[in-house]
Amino acid sequence: MINKYYTYKSALKVLDLSKQGLDRALQNIEIVNQKYSLGMCTHLEVKNASIAYKESLLNFETAKQNAELSKDSLKIRLGIDDNVGFDLKDDIDISNVIYPVSLEEDTKKALI
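All figures in this text were calculated on a predicted structure; none of them were measured in a lab.

Engineer: Describe the overall build of the protein chain, naming the residues involved and giving the relevant values.
Structural biologist: Summing up its helical and strand segments, the protein chain has 3 helices and 0 strands in all. Overall, the protein chain shows an N-to-C arrangement of helices and strands of α-α-α. Expected size for 112 residues packed as a compact globule is a radius of gyration near 13 Å; at 24 Å, the protein chain overshoots this value by more than 25%. Referenced to the eigenvectors of the C-alpha coordinate spread, the extents of the protein chain come out at roughly 80 × 30 × 25 Å. Looking at the protein chain as a whole, 20% of its 112 residues are labelled buried. Taking all contacts inside the protein chain whose residues are at least 6 apart in sequence as the whole, residues at least 24 apart take part in 68%. Put simply, the protein chain has 15 plus and 17 minus side-chain charges, and the middle of one group is 5 Å from the middle of the other.

Shown next as structure tokens:
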């Protein structure tokens with residue numbers, strides 16, 4: 001189960017990075033088109049920017065599908081129904097929880 005968790009966590013990170021790459025590729029297309037309209041770059045550079053954008057879009061869609069597949073795999077492993085919402089949290093806030101801690105007592109209990 002831990003493997004499924006980390007696979008899903010990794011897929012979400014890849015999805016985030018591929019979204020960033022897609023955004024940069026879109027910005028690059030806009031810049032190249034502006035340069036082309038001003039005569040500052042060639043038609044080949046416009047085509048290259050377009051191809052890079054399409055590749056980034058494909059990478060993003062693939063990452064999105066992989067994230068969904070790994071999420072579904074984790075939900076199956078945990079026994080969670082498809083129609084139940086599911087969100088992955090990395091942090092746990094225990095600042096409001098007070099635990100009575102006694103190393104000596106806890107050690108005795110553990111050794112019993």
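That covers the picture; the talk isn't over yet.
Engineer: So what's going on with the nonpolar core? Residues and values would help.
Structural biologist: Grouped together as the largest cluster of nonpolar side chains are 6 residues: Ala11, Leu15, Leu22, Phe60, Ala63 and Ala67. Setting aside residues no more than four positions away along its own chain, Leu22 makes contact with Tyr53, Ser56, Leu57 and Phe60. Counting 5 residues, the second largest nonpolar core, distinct from the first, contains Ile29, Cys41, Val46 and Ala49.

Engineer: A description of the environment of Glu68 should follow, citing residues and the corresponding values.
Structural biologist: Take Glu68: it is sitting in helix α2 (residues 43-78). Given the relative accessible area of 42%, Glu68 is considered partly exposed. With 56 residues separating them along the chain, Glu68 and Leu12 place their C-alpha atoms 9.1 Å apart.

Engineer: Explain the pattern of salt bridges to me, and be specific about the residues and the numbers.
Structural biologist: Evaluation of the coordinates by the stated rule reveals 2 salt bridges. Ionic pairing is found between Lys19 and Asp23, a salt bridge with its closest N-O pair at 2.8 Å. Note that Lys19 and Asp23 are positioned in helix α1 (residues 2-37) at a spacing of 4 residues, about one turn of the helix. The class for Asp23 is partly exposed, based on a relative accessible area of 33%.

Engineer: Provide a residue-level description of the packing of aromatic side chains, including the pertinent values.
Structural biologist: Where two aromatic rings form a pair, the distance of their centres and the angle of their planes describe that pair. Under the definition given, this model contains 1 aromatic pair. Their ring planes at 80° and their centres at 4.9 Å tell us that Tyr5 and Tyr6 sit as a pair that is edge-to-face.

Engineer: For the packing of α1 against α2, give the residues involved together with the corresponding values.
Structural biologist: At their nearest, the axes of α1 and α2 sit 8 Å apart, and the two run at 160° to each other. By the angle class used here, α1 and α2 are roughly antiparallel. In terms of crossing hand, the pair formed by α1 and α2 is left-handed. Residues that form the contact of α1 with α2 fall into these classes: 21 nonpolar, 12 polar and 6 charged.

Engineer: Report on the confidence of the model for the protein chain, specifying residues and quantitative values.
Structural biologist: Note that predicted coordinates carrying low pLDDT should not be read in detail. Scored by pLDDT, the protein chain has a mean of 89; 90% of the residues are at 70 or more. At the level of individual helices and strands, the protein chain shows its lowest average pLDDT in helix α3 (residues 103-111), which scores 78, and its highest in α2, which scores 96.

Definitions and limits used
- Counting from 1, residues in each chain are numbered in the order their sequence is written.
- pLDDT decides what is reported in this predicted model: residues at 70 or higher carry local features, side-chain atom pairs at 80 or more are listed and counted, and totals for whole chains, interfaces and linings draw on all residues regardless.
- Side-chain numbers here rest on the full set of heavy atoms in the structure, without hydrogens or water.
- Working definition: helices are DSSP H or I runs of at least four residues, strands are E runs of at least two. Numbering for both runs from the N terminus.
- The size measure is the radius of gyration over C-alpha atoms, and the globule rule it meets is 2.2 Å times the number of residues to the 0.38 power.
- Note on classification: 1.4 Å probe, protein chains only; a residue is buried when its accessible area is under 20% of the maximum for its type, exposed when over 50%, partly exposed between these limits.
- Residues are treated as being in contact if the distance between any of their heavy atoms lies within 4.5 Å.
- In this tally, Asp and Glu contribute negative charge and Lys and Arg positive charge; neither His nor the terminal groups of the chain are included.
- Throughout, a charge is located at the NZ atom of Lys, the CZ atom of Arg, the CG atom of Asp or the CD atom of Glu.
- Throughout, nonpolar core names a set of buried Ala, Val, Leu, Ile, Met, Phe, Trp, Tyr and Cys residues whose side chains join them through atoms within 4.5 Å.
- Definition used for salt bridges: Asp or Glu carboxyl oxygen within 4 Å of a side-chain nitrogen of Lys or Arg.
- Under the pairing criterion, centres of Phe, Tyr and Trp rings, with the six-membered ring standing for Trp, must be within 6.5 Å; the plane angle then separates stacked pairs below 30 degrees from edge-to-face pairs above 60, leaving the rest tilted.
- All axes here are fitted lines through C-alpha atoms, helices being fitted over the stretch that makes contact, and every angle between N-to-C directions spans 0 to 180 degrees.
- Note on terminology: angles under 35 degrees are roughly parallel, angles over 145 are roughly antiparallel, angles of 65 to 115 are roughly perpendicular, and the others are oblique.
- The sense of a crossing depends on the near helix, which, turned anticlockwise from the far helix by less than a right angle, makes the crossing left-handed and, turned clockwise, makes it right-handed.
- Under the convention adopted here, Pro, Cys and the residues Ala, Val, Leu, Ile, Met, Phe, Trp and Tyr are nonpolar, Asp, Glu, Lys and Arg are charged, and Gly plus all remaining residues are polar.
- One number per residue, pLDDT, summarises how confident the predictor is, and it ranges from 0 to 100.

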